[in-house]
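In case you want the letters, here they are:
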Amino acid sequence: MLVLILSAVVLLVIGGCACGFWTARGDAPRWARGVSRATLLAGELADAASPSSHSRRNGSGDD
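Residue indices follow the written sequence of each chain, beginning from 1 at its first position. Under the rules for a predicted model, residues below a pLDDT of 70 receive no local features and side-chain atom pairs below 80 are neither given nor counted, while totals for whole chains, interfaces and linings still include all residues. The side-chain quantities take in all heavy atoms of the structure and omit both hydrogens and water.

### A short note on the side chain of S36
Selection criterion: Helix and strand definitions here come from DSSP, where helices need a minimum of 4 consecutive H or I residues and strands a minimum of 2 consecutive E residues; each element is numbered from the N-terminal end. For the exposure calls, accessible area comes from a 1.4 Å probe over protein chains only, and a residue counts as buried if that area is under 20% of its type's maximum, exposed if over 50%, partly exposed in between. Any two residues whose heavy atoms approach within 4.5 Å are treated as being in contact.
Inspection of the secondary structure assignment puts S36 in helix α2 (residues 30–49). Looking at S36, the relative accessible area reads 9%, which means it is buried. The contacts of S36, once residues within four sequence positions are left out, are C19, G20 and T23.

### A closer look at a nonpolar patch on the surface
In plain terms, the rule: A residue counts toward a patch only above 30% relative accessible area and without a salt bridge, and it is joined to like-charged neighbours within 9 Å or, for Val, Leu, Ile, Met, Phe, Trp and Tyr, to nonpolar neighbours within 5 Å. Using a 1.4 Å probe, the Shrake-Rupley method yields the accessible areas, and only the shown protein chains count as cover for residues. A pair is scored as a salt bridge if a Lys or Arg side-chain nitrogen falls within 4 Å of a carboxyl oxygen belonging to Asp or Glu.
Taken together, the side chains of M1, L4, I5, V9 and V13 present a nonpolar region at the surface, about 530 Å² in accessible area. Its place among the elements puts V13 in helix α1 (residues 2–25).

### Details of the packing of α1 against α2
Heads up, the rule is: To get an axis, fit a line to the C-alpha atoms, keeping to the stretch in contact for a helix; angles then go from 0 to 180 degrees between the N-to-C directions. Here roughly perpendicular refers to angles of 65 to 115 degrees, roughly parallel to angles under 35, roughly antiparallel to angles over 145, and oblique to all remaining angles. Left-handed describes a crossing whose near helix is turned anticlockwise from the far helix through less than a right angle; right-handed describes the clockwise counterpart. Each residue gets one of three labels, nonpolar for Ala, Val, Leu, Ile, Met, Phe, Trp, Tyr, Cys and Pro, charged for Asp, Glu, Lys and Arg, and polar for the others, Gly among them.
For the pair α1 and α2, interaxial distance at closest approach is 8 Å and the crossing angle is 120°. With respect to each other, α1 and α2 are oriented oblique. The element α1 and its partner α2 pack so that their crossing is left-handed. Contacts between α1 and α2 involve G16, C19, G20, W22 and T23 on the former and, on the latter, W31, A32, R33, V35, S36 and T39. Partitioning the contact of α1 with α2 into residue classes produces five nonpolar, five polar and one charged.

### Considering the pattern of salt bridges
For the structure on display, the rule yields one salt bridge. We note a salt bridge from R25 to D27, for which the minimum N-O separation is 3.3 Å. Taking the relative accessible area as the measure of exposure, D27 reaches 44% and is therefore partly exposed.

### Some details on the environment of R37
Secondary-structure assignment places R37 in helix α2. Residue classification places R37 among the exposed positions, given a relative accessible area of 56%.

### Let's talk about the confidence of the model for the protein chain
How we decide: Predictor confidence is given residue by residue as pLDDT, running from a minimum of 0 to a maximum of 100.
Here the protein chain averages 85 in pLDDT, while 83% of its residues score no lower than 70. When pLDDT is averaged over each helix and strand of the protein chain, the minimum, 63, is found for helix α3 (residues 51–58) and the maximum, 93, for α1.

So this is what it looks like as structure tokens:
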């Protein structure tokens, strides 16, 4: 069951990236632009929720 869920997530990510690429080319239909925006928003939310992103923004990373 877990493999099925992870496979669905991977397919959604690949589809979102494909729509983002299509939108960047400039000839995407409206639905693809919406999927691209949703993918970008999900990425921003995931970045904001990750604890390591806070240390990178403040310059206090362990680099």
